[in-house]
Amino acid sequence: MDSILVKGGGPLKGQIEIAGAKNAALTLMPATLLSEEPLMLTNAPRLSDIKTMTQLLQSLGAEVTSMKDGKVQAMSSHGPINHVADYDIVRKMRASNLVLGPLLAREGVAVVSLPGGCAIGARPMDIHTDGLAKMGADIELKDGYLHAKAEGGKLKGAVVDFPFASVGATENIMMAATLAKGTTVINNAAREPEIVDLADCLRKMGAQISGDGNSSIEIQGVDRLGGATHPVVTDRIELGTFMLAPAFCGGEVECLGGRLDLIGAFVEKLALAGLDVSETKNGLLVKRTGDRVKAVDVVTEPFPGFPTDLQAQMMAMLCLADGTSVLEEKIFENRFMHAPELIRMGANIAVQGGTATVHGVEKMKGAQVMATDLRASVSLILAGLAAEGETQVNRVYHLDRGYEHIEKKLQGVGANVERIKGV
Ligand code: UD1
């Protein structure tokens with residue numbers, strides 16, 4: 001298995017092009033199941049999760065062609081559709097559950113393996129299934145699979161009140177409702193930019209959706225959807241990750257394609273930590289002003305709050321801050337797996353339940369480290385940029401799920417990072 005070798009140093013200088021959002025592409029791709037006409041996504045990220053979604057859609061009978069070096073995904077679901085999403089693919093990636101709503105809307109029936117647990121927590125599907133049940137689906141769990149059937153073969157519009165603003169459930173219900181009979185209202189819907197991006201694409205396909213980006217979304221069902229060409233929104237998590245890089249070893253990085261509206265709560269924390277963020281013609285420029293960043297407290301929340309997917313990277317930065325920071329993780333119950341690895345590099349972190357107290361140290365030291373999820377892995381690479389000596393981050397297959405060519409992007413701004421090919 002490959003690993004990434006990081007040698008501390010700096011300062012950084014240059015530009016990094018931010019890719020299309022993984023989490024948007026993973027919900028836009030299953031939308032192809034809603035129409036017999038082609039759906040073309042431009043600005044798609046080149047990631048292993050996209051390949052997994054491709055395999056899943058192909059197993060369901062969709063045609064998926066990757067073009068322009070993977071940046072364009074052309075999809076079509078004009079032939080017969082198989083409604084069984086198999087465990088062997090679904091277990092690799094939780095986002096596979098996003099075929100449930102589209103399959104049920106198109107076929108009136110869907111059999112989708114439950115994704116199972118993952119490193120960051122249990123992540124159940126009850127909000128998805130309760131919502132679909134309100135729309136007239138009969139859902140049963142058998143042999144690890146959700147067996148869903150729409151009463152009379154077609155879903156009905158309904159008022160769906162979410163107990164929590166789940167991103168995936170909002171996407172599944174929104175897609176399912178586009179072809180349902182009547183009007184669906186999702187209350188306490190998630191407001192993430194990826195939801196707005198999905199709604200934009202569905203509208204291009206002919207769906208009638210309003211309110212996306214707010215906590216109440218209304219979807220008027222239509223008889224059929226057509227094709228569309230849609231550029232995937234910028235990846236705000238990749239953006240935030242690279243915006244943090246100068247905090248570790250000084251200098252300045254311009255993130256091309258970066259937008260403040262995607263990442264407001266995060267930028268507020270960067271400013272408090274003493275980083276200078278400004279808008280440029282092509283994106284966002286970040287500079288470290290002093291020698292050391294300042295401590296700040298962080299609470300993860302649904303959008304527009306501070307994203308859980310940037311918590312690990314922020315913690316890595318705060319390990320080096322002047323003062324004590326408190327990080328509260330409110331989205332996932334087990335999302336501090338990076339803490340013990342950062343401690344191995346010399347950080348001073350105390351974790352208690354969903355709260356981590358980070359006492360900043362002046363220096364961290366390189367070590368062999370290993371991460372068990374995507375964002376934890378990248379936090380260790382960032383920490384390595386500031387550490388004395390060499391840091392070897394092992395098991396990097398997680399990274400390839402969410403960051404395209406990370407070592408090349410960091411090399412491009414002067415970081416000493418290389419991939420070591422494993423056997
Ligand atoms: C999406 C993102 C993920 C991000 C997360 C929160 C994708 C592909 N993934 O994941 O990167 O970290 O949003 O911003 O877009 N929950 C339930 N029951 C459910 C559904 C969720 O209890 O039916 C809980 C989860 O266990 C978790 C919380 O709600 O504690 C948030 O989950 P959710 O917003 O659904 O995240 P995902 O869509 O899985």
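In this text the structure is predicted, and so the values were computed from the model without any measurement.

Chemist: Talk me through the packing of aromatic side chains; I want residue IDs and the actual numbers.
Modeler: The geometry of an aromatic ring pair comes down to the distance between the two centres and the angle between the two planes. With the rule as written, the count across this model stands at two aromatic pairs. Centre to centre, the rings of Phe 242 and Tyr 403 are 6.4 Å apart; their planes meet at 80 degrees, and the pair counts as edge-to-face. Within this pair, whereas Phe 242 is found in helix H8 (residues 236-249), its partner Tyr 403 is found in the loop between helix H13 (397-402) and helix H14 (406-411), the two being separated by 161 residues in sequence. Across the pair, exposure class does not vary: Phe 242 and Tyr 403 are buried alike. Each ring, one from Phe 266 and one from Phe 306, has its centre 5.8 Å from the other, and the planes form 50 degrees; the classification is tilted. Placement of Phe 266 in helix H9 (residues 264-273) and of Phe 306 in the loop between strand E18 (298-299) and helix H10 (311-318) is noted, with a sequence separation of 40 residues between them. By relative accessible area, Phe 266 is classed as buried at 0%. Judged by relative accessible area, Phe 306 falls into the buried class, the value being 3%.

Chemist: Kindly report on the sheet that holds strand E2 (residues 12-17), identifying the contributing residues and their values.
Modeler: Pairing in this open sheet of four strands is mixed, and the strands run E2-E15-E17-E16 from one edge to the other. Looking at the sheet topology across the chains shown, the edges are occupied by E2 and strand E16 (275-279). Each neighbouring strand pair of the sheet contributes to a mean axis angle of 15 degrees, computed without reference to strand direction. Bridge count between E2 and strand E15 (residues 251-256): six bridges; the pairing is parallel. Counted as the bridge partner of Glu 17 is Leu 256 from E15.

Chemist: Tell me about the environment of Pro 307, residues and numbers included.
Modeler: By secondary structure assignment, the location of Pro 307 is in the loop between E18 and H10. Given a relative accessible area of 13%, Pro 307 falls into the buried group. Measuring from C-alpha to C-alpha, the distance between Pro 307 and Ile 237 comes to 8.2 Å, with 70 residues separating the pair along the chain. If near-sequence neighbours (up to four positions away) are discounted, Pro 307 is found in contact with Arg 236, Ile 237, Thr 300 and Glu 301.

Chemist: Mind laying out helix H5 (residues 126-134), listing which residues take part and the relevant values?
Modeler: Among all positions of H5, only Ile 127, His 128, Thr 129, Gly 131 and Leu 132 are buried. The inward-facing, buried residues of H5 contact helix H4 (100-107), strand E8 (137-142), strand E9 (145-150), strand E10 (159-161) and helix H6 (167-178). Of the residues trailing H5, Gly 136 is marked for its positive phi of about 95 degrees.

Chemist: An account of the site of the ligand is needed here, citing residue identities and associated values.
Modeler: As a structural note, the neighbourhood of the ligand is formed by 18 residues, with Asp 126, Ile 127, Ser 166, Asp 309 and Ile 331 the closest of them. Between the ligand and Arg 94, the relevant distance is 3.0 Å, taken from an oxygen atom to a side-chain nitrogen or oxygen of the residue. Between the ligand and the protein, one listed contact pairs an oxygen atom with a backbone N or O atom of Pro 124 at 3.2 Å. When contributions to the shell around the ligand are tallied by element, the ones reaching two or more residues are H5 and H6. Looking at the shell around the ligand element by element, the count peaks at three residues for H5. Broken down by class, the residue content of the shell around the ligand amounts to eight nonpolar, five polar and five charged. When residues are assigned to domains, the shell around the ligand turns out to be shared by domain 1 (3-18 + 234-420) and domain 2 (22-231), each giving three or more.

Chemist: Outline the domain arrangement of the protein, supporting the account with residue identities and numerical values.
Modeler: Partitioning the protein into domains gives domain 1 (3-18 + 234-420) and domain 2 (22-231). Taken over C-alpha atoms, the centre of domain 1 sits 31 Å from the centre of domain 2. Domain 1 puts 23 residues into the contact, and the matching count from domain 2 is 18 residues. Approximately 1800 Å² of surface area, both sides summed, lies buried where domain 1 meets domain 2, with 50% of it carried by carbon and sulfur atoms. Contact with domain 2 buries surface across domain 1, with Phe 303, Arg 401 and Glu 404 losing the most and accounting together for 32% of the total.

Chemist: Describe the pairing of strand E5 (residues 72-76), listing the residues and the values that go with them.
Modeler: Burial runs high along E5: five of the five residues are buried. Neither face of E5 is open: one carries Val 72, Ala 74 and Ser 76, the other Gln 73 and Met 75, and all of them are buried. By the bridge criterion, three bridges tie strand E3 (residues 39-42) to E5 in an arrangement that is antiparallel. By the bridge assignment for E5, Leu 41 is matched with Gln 73. Sheet topology places strand E4 (residues 63-67) next to E5; five bridges connect them, and they run antiparallel. Bridge pairing links Ser 66 to Gln 73 in E5.

Chemist: Can you break down the side chain of Ser 76 residue by residue, with the values?
Modeler: Mapped onto the elements of the fold, Ser 76 is located in strand E5. Overall, the relative accessible area of 11% leaves Ser 76 in the buried class. When sequence neighbours within four positions are dropped, the list of residues in contact with Ser 76 reads Thr 32, Glu 36, Pro 38, Ala 62 and Glu 63.

Chemist: Can you explain unusual backbone geometry? Please cite residues and give values.
Modeler: Looking along the chain, the bond that leaves Gly 10 and enters Pro 11 is cis, with omega of -5 degrees. As for its position among the elements, Pro 11 is in the loop between strand E1 (3-7) and E2. Residues Phe 303 and Pro 304 are joined by a peptide bond in cis, for which omega reads 10 degrees. Tracing the sequence through the fold places Pro 304 in the loop between E18 and H10. One non-glycine residue with positive phi stands out, namely Asp 69, at about 60 degrees.

Chemist: Any details on the pattern of salt bridges? Residues and values, ideally.
Modeler: Here the structure, examined in full by the defined rule, presents 25 salt bridges. The partner of Asp 2 in a salt bridge is Lys 421, and the shortest N-O contact between them spans 3.2 Å. Here the residue Asp 2 occupies a position in the segment before E1, and Lys 421 occupies one in the segment after strand E24 (416-420), the gap between them amounting to 419 residues. Taking the shortest distance from any N to any O, the salt bridge between Lys 13 and Glu 252 comes out at 3.2 Å. One end of the pair, Lys 13, is in strand E2; the other, Glu 252, is in strand E15, and 239 residues separate them in sequence. Counted as one network, the salt bridges with shared partners bring together Asp 2, Asp 400, Glu 407, Arg 419 and Lys 421.

Reading guide: rules and limits
- Residues numbered from 1 in each chain as written.
- Predicted model: local features only at pLDDT ≥ 70, side-chain atom pairs only at ≥ 80, totals over all residues.
- Heavy atoms only, no water.
- Phe/Tyr/Trp six-rings, centres within 6.5 Å; stacked < 30°, edge-to-face > 60°.
- Helix = DSSP H or I, 4+ residues; strand = E, 2+ residues; numbered from the N terminus.
- Buried < 20%, exposed > 50% of the residue type's maximum accessible area, 1.4 Å probe, protein only.
- Pairing = 2+ DSSP bridges.
- Axes fitted to C-alpha atoms, helices over the stretch in contact; angles between N-to-C directions.
- Contact = heavy atoms within 4.5 Å.
- Near = heavy atom within 4 Å.
- Polar contact = N/O pair within 3.5 Å; in protein donor to acceptor, adjacent residues only side chain to side chain.
- Nonpolar A, V, L, I, M, F, W, Y, C, P; charged D, E, K, R; others polar.
- Domains from an automatic or database assignment.
- Buried area = accessible area lost by both parts, 1.4 Å probe.
- Salt bridge = Lys/Arg side-chain N within 4 Å of Asp/Glu carboxyl O.

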